[in-house]
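Descriptive analysis of the structure
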Amino acid sequence: MQDNDGVLIRLENVSKSFDGEVILDHIDLEIKHNEFVTLLGPSGCGKTTTLRIIGGFVDADEGHVYFEGKKINDVPPYQRNINTVFQRYALFPHLNVYENIAFGLRLKKMSDEEIRDKVKSMLAMVNLKGFEKRSVTALSGGQQQRVAIARALVNEPRALLLDEPLSALDAKLRKDMQKELKEIQKRTGITFIFVTHDQEEALSMSDKVVVMADGRIQQIGTPVEIYNEPINAFVADFIGESNIVTGIMPRDYVVTFAGHSFQCEDAGFAPNEKVDVVVRPEDIDIVPLDQAMLTGEVTSVTFKGDYYEIIVDIDHFKWMIESTDRVNAGDIIGISIDPYEIQVMKRSEYSDTFGDYSSFSDEMDELSDPAPEEME
Amino acid sequence: MKRRSLLQRFAAAPHIAWSVLFIIIPLLFIIYYTFTDASGGFTLENLSTIASPEYLMIFLRSVMFSILATVICLLIGYPLAYRIASMKPRTQRIAIVLVMLPMWLNFLIRTYCLKILLNDQGIINTFLGNFGIEPLKLLNTSGAVIFAMVYNYLPYMILPIYTVISKMDQNLLTAAADLGCNRFQTLTKVVLPLSFSGIMSGVTMVFVPSISTFYISDAMGGRTFSLIGDTIERQFKEADNYNVGSALSLVLMILIIISMSIMNKYSDDDGGVVV
């Protein structure tokens, strides 16, 4: 049954357009057994469409979809050993909690005792013991979410697709559900394919993150790889806060930006190649002026609880620094960056599309956090 | 308690006045006539008159005809409503207008047209005659009456069912497919139970006018048999017997109330859908 390399699902060269608009542009993706994979990207990046193609609800225009080594392009959803947790839960309002969960099992003509045992153990797993007779319309959002998860998992699918399942929950519940989902995934050993636009969610839950933009996969990697070694300016900007500046690599292990040459750990670029450089705000150290690599004037300081968010104007480029050191707006400060904190990236179509932090505000942050509904 | 504005308090006044004048008072008259004789004295004779086998037969026939018409409407209307709801929005609008089109035509004219169609010298028989087929007896049959009921009331079955299905959350259908339903199972296990309220309003809206109709049985049945509607009409207009007529009306009304409450018992909490 299993591929030699443990691949469960493989997308090969998959493309999809709606009304002439390209949604997916030649996607290649491998998903292994027992993996928690997250498709992460802004609205319209094609992540939901990718999920729907795997689920069988959308047909790819081009390319192949393999499941356990077999091509499944023409297999209808009800014959795929895959189940989905939908964004708005999509519970059946005419059935109670028990019957919602039993729905898939009844279609398989399972005996009543078998169904009862399975539903009971599912209810226990999602912490909804004693909810059998409740009407699903009378449940809270979090409870409905649990029923939706139980309804999908009770069928023991090889893969569970989750389409922004936590987007309708409030922040606290979301955090709890993230942990719970991760727990359930570990315990059941089922492959989870999770779609979200929330990078924090993606980083904290996944074994593997697939960052998507404009219908293409930008980067695939572990959360740590994605965060520490973004492949281009888009990934660097989308995942966490980052200062992205243009630089030059005069030779290996040296990069010049903001008028200063820095030691770095990157190599393999052409001599004097133009590059994008990422430095995370928390990786910048504030140092006395005589030890400074760069100096600049503080333009704003925001208290964030466990750190200060400091905007510094260095040569008319506004850098963001996260530090526990107290500084004041108007101060001239010095900064230093360690070689391993500098990530050098190849130039891409996304170079120069992300400016500095001069126009930074929470409102701008909201705008890059798109509405959950992606496409229909 | 929230205070109600003047407008809220009196918004229902016109309707209440209307109801009292044209529904409650006539109803009281019917009850009065039912329990009195021609001279105005109290009697139960009117009720015992209509308890005769002759009238029971008429009631039974009326119920049978309207149940048949309702079932046929449901069998034709449901698949059509389901099909329309799955069309593109633009096509849907056109299809719904087509369904409603006959309703824009006067009811009497519609029925009269049917009469012409089914006549011994009508279009159908003339057409068949071209092939040397003897004229079929289409008009003045119970089939013609039921056909006319279906023809006249079918839109009232289609519209509420269509409304419910078209408003259904498409994700539920996707979820059904995801959990292993093929198209047919999705229909029987999700769409059908969720459109129950629409079916119930459709059934009510076909059954009630069918059981009380008088013109249809008159025109299409040719007085070869009576339904409850035209029996009542004749009591008032021809026999001039308001008392028996009222008694028949009262019994019919009770019959309708009973059947409606049975239907409501099985329909959703949120009740039927009004078009």
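Up top is the structure these notes are about.
All of the points below concern the structure found in this document. Worth saying up front: this structure is predicted, and the values here are computed from it rather than measured.

Observations concerning the overall build of chain A
In terms of helices and strands, chain A carries nine helices and 20 strands. In terms of principal-axis extent, the alpha carbons of chain A reach across some 80 × 45 × 40 Å. Looking at the 376 residues of chain A, the share that counts as buried comes to 52%. By sequence separation, contacts in chain A at least 24 residues apart represent 68% of the contacts at least 6 residues apart. Carbon and sulfur atoms provide 46% of the accessible area of chain A, an area that totals close to 17,000 Å².

Brief notes about the overall build of chain B
When helices and strands are counted, chain B shows 14 helices and zero strands. When the helices and strands of chain B are read in sequence order from the N terminus, they spell out α-α-α-α-α-α-α-α-α-α-α-α-α-α. In chain B, which comprises 275 residues, the share counted as buried stands at 40%. Within chain B, counting contacts between residues at least 6 apart in sequence, those at least 24 apart form 70% of the total. Of the side-chain charges in chain B, 19 are positive and 15 negative, and the distance between the mean point of each set is 14 Å.

Thoughts on the pairing of strand β13 (residues 260–263) of chain A
Residue and element names in this part refer to chain A. As judged from the four bridges shared by strand β12 (residues 254–257) and β13, these two strands associate in the antiparallel manner. Looking at β13, one finds that Thr 256 is bridged to Ser 261. Taken together, β12 and the strand that follows it, β13, pair antiparallel across an intervening segment of two residues, in which Ala 258 is found at a positive phi of about 50°.

Comments concerning the nonpolar core
Grouped together as the largest cluster of nonpolar side chains are 65 residues, with contacts concentrated most on Phe 92 and Phe 103 of chain A together with Val 145, Met 149, Met 220 and Leu 248 of chain B. The leading source of residues in this core is helix α8 (residues 142–166) of chain B, at 14 residues. Apart from residues no more than four positions distant in its own chain, Leu 248 of chain B is found in contact with Ile 50, Tyr 55, Phe 59, Ile 228, Thr 231, Ile 232 and Gln 235 of chain B. If you look at the next biggest cluster of nonpolar residues, it comprises 37 residues, including Tyr 98, Ile 101, Leu 123 and Phe 131 of chain A.

Things to note about the sheet that holds strand β6 (residues 82–85) of chain A
Residue and element names in this part refer to chain A. On the basis of which strands lie adjacent, the open sheet formed by six strands has the order β6-β7-β8-β3-β9-β10 and mixed pairing. Every other strand in the sheet has two partners, leaving β6 and β10 (216–221) as the edge strands with one partner each. Each strand axis lies, on average, 20° off the axis of its neighbour in the sheet, ignoring direction. Where β6 lies against strand β7 (residues 159–163), four bridges are found, and the strand directions are parallel.

Overview of helix α9 (residues 170–178) of chain B
Residues of α9 of chain B that are buried: Leu 172, Ala 175, Ala 176, Ala 177 and Asp 178 of chain B. At its buried positions, α9 of chain B is contacted by β6, α2 (97–107) and α4 (141–153) of chain A together with α10 (183–194) of chain B. You can read the cap of α9 of chain B off the contacts: a side-chain oxygen lies 2.9 Å from the backbone nitrogen of Asn 171 of chain B, and it is on Asp 169 of chain B. Phi turns positive, to about 115°, at Gly 180 of chain B, one or two residues after α9 of chain B.

As for the interface of chain B and chain A
Taken together, the contacts link 16 residues of chain B with 17 residues of chain A. A combined buried area of about 1,600 Å² lies between chain B and chain A, and 71% of that area is made up of carbon and sulfur atoms. Counting across the chain B and chain A interface gives zero salt bridges. Here chain B and chain A share four residue pairs in polar contact (both at pLDDT 80 or more) between them. Those elements giving two or more residues to the side of chain B that touches chain A turn out to be α9 and α10 of chain B. When residues in the side of chain B that touches chain A are grouped by element, the largest group, seven residues, is from α9 of chain B. The residue inventory of the side of chain B that touches chain A, partitioned by class, reads nine nonpolar, five polar and two charged.

Digging into unusual backbone geometry
Residue and element names in this part refer to chain A. Backbone geometry at Asn 127 places phi at a positive 60°, although glycine is not the residue there. Among the structural elements, Asn 127 can be located in the loop between α3 (112–125) and α4. Accessibility expressed as a relative area gives 53% for Asn 127, which makes it exposed.

Focus on helix α5 (residues 171–188) of chain A
Compared with the 26 Å implied by 1.5 Å per residue over 18 residues, the 26 Å span of α5 of chain A between its first and last C-alpha is a close match. Turning to α5 of chain A, its buried residues are Arg 174, Met 177, Gln 178, Glu 180, Leu 181, Lys 182, Ile 184 and Gln 185 of chain A.

Some thoughts on the sheet that holds β12 of chain A
Residues and elements named next belong to chain A. Ordered in space as β13-β12-β11-β14-β20, the five strands form an open sheet in which the pairing is antiparallel. Sheet topology places β13 and β20 (342–346) at the edges, where each strand pairs with a single neighbour. Adjacent strand axes in the sheet meet at a mean angle of 40°, parallel and antiparallel pairs treated alike.

Comments concerning the pairing of β10 of chain A
Two strands pair when backbone bridges link them, and strand β9 (residues 208–213) of chain A and β10 of chain A are joined in this way by five bridges, in the antiparallel orientation. Pairing of Met 212 of chain A across the sheet is with Ile 217 of chain A, part of β10 of chain A.

Focus: the packing of α8 of chain B against helix α11 (residues 196–212) of chain B
All names here are of chain B. The interhelical angle for the contact between α8 and α11, taken along N-to-C directions, is 160°, at an axis separation of 7 Å. With respect to α11, the element α8 is oriented roughly antiparallel. Helix-helix and strand crossings are classified by hand; for α8 and α11 the assignment is right-handed. Counting all contacts with α8, which are made through Met 149, Tyr 153, Tyr 156, Met 157, Pro 160, Ile 161 and Val 164, the residues of α11 involved are Ser 197, Gly 198, Ile 199, Ser 201, Gly 202, Val 203, Met 205, Val 206, Pro 209 and Ser 210. Class assignment of the residues belonging to the contact of α8 with α11 gives a composition of twelve nonpolar, five polar and no charged.

Section: the pattern of salt bridges
Going through the model one piece at a time under the given rule, you end up with 26 salt bridges over all chains. Here Lys 118 of chain A makes a salt bridge to Glu 156 of chain A, at a shortest N to O gap of 2.9 Å. One end of the pair, Lys 118 of chain A, is in helix α3; the other, Glu 156 of chain A, is in the loop between α4 and β7, with 38 residues separating them in the sequence. The residue Asp 230 of chain B makes a salt bridge to Arg 234 of chain B at a minimum N-O spacing of 2.8 Å. Here Arg 234 of chain B and Asp 230 of chain B lie together in helix α13 (residues 228–237), a separation of four residues that amounts to about one turn.

Points about the environment of Glu 233 of chain B
The residue Glu 233 of chain B is located in helix α13 in this model. Setting aside residues no more than four positions away along its own chain, Glu 233 of chain B makes contact with Phe 214, Asp 218 and Glu 238 of chain B.

With respect to the side chain of Asn 243 of chain A
All names here are of chain A. One can find Asn 243 in strand β11 (residues 243–251). For Asn 243, a relative accessible area of 1% puts it in the buried group. Of the polar contacts made by the side chain of Asn 243, one reaches the backbone nitrogen of Met 320; its length is 2.7 Å. Those residues within four positions of Asn 243 in sequence are excluded, and the remaining contacts are Val 277, Val 278, Val 279, Arg 280, Pro 281, Ile 284, Lys 318, Trp 319, Met 320 and Tyr 357.

Definitions and limits used
- Residues numbered from 1 in each chain as written.
- Chains lettered and ligands numbered in written order.
- Predicted model: local features only at pLDDT ≥ 70, side-chain atom pairs only at ≥ 80, totals over all residues.
- Heavy atoms only, no water.
- Helix = DSSP H or I, 4+ residues; strand = E, 2+ residues; numbered from the N terminus.
- Buried < 20%, exposed > 50% of the residue type's maximum accessible area, 1.4 Å probe, protein only.
- Contact = heavy atoms within 4.5 Å.
- Areas by Shrake-Rupley, 256 points an atom, 1.4 Å probe, with all protein chains shown as cover.
- Lys, Arg positive; Asp, Glu negative; His and termini not counted.
- Charge placed at Lys NZ, Arg CZ, Asp CG, Glu CD.
- Pairing = 2+ DSSP bridges.
- Core = buried A, V, L, I, M, F, W, Y, C linked by side-chain atoms within 4.5 Å.
- Axes fitted to C-alpha atoms, helices over the stretch in contact; angles between N-to-C directions.
- Polar contact = N/O pair within 3.5 Å; in protein donor to acceptor, adjacent residues only side chain to side chain.
- Buried area = accessible area lost by both parts, 1.4 Å probe.
- Salt bridge = Lys/Arg side-chain N within 4 Å of Asp/Glu carboxyl O.
- Nonpolar A, V, L, I, M, F, W, Y, C, P; charged D, E, K, R; others polar.
- Expected span 1.5 Å × (residues − 1).
- Parallel < 35°, antiparallel > 145°, perpendicular 65-115°, else oblique.
- Left-handed = near helix turned anticlockwise from the far one by under 90°.

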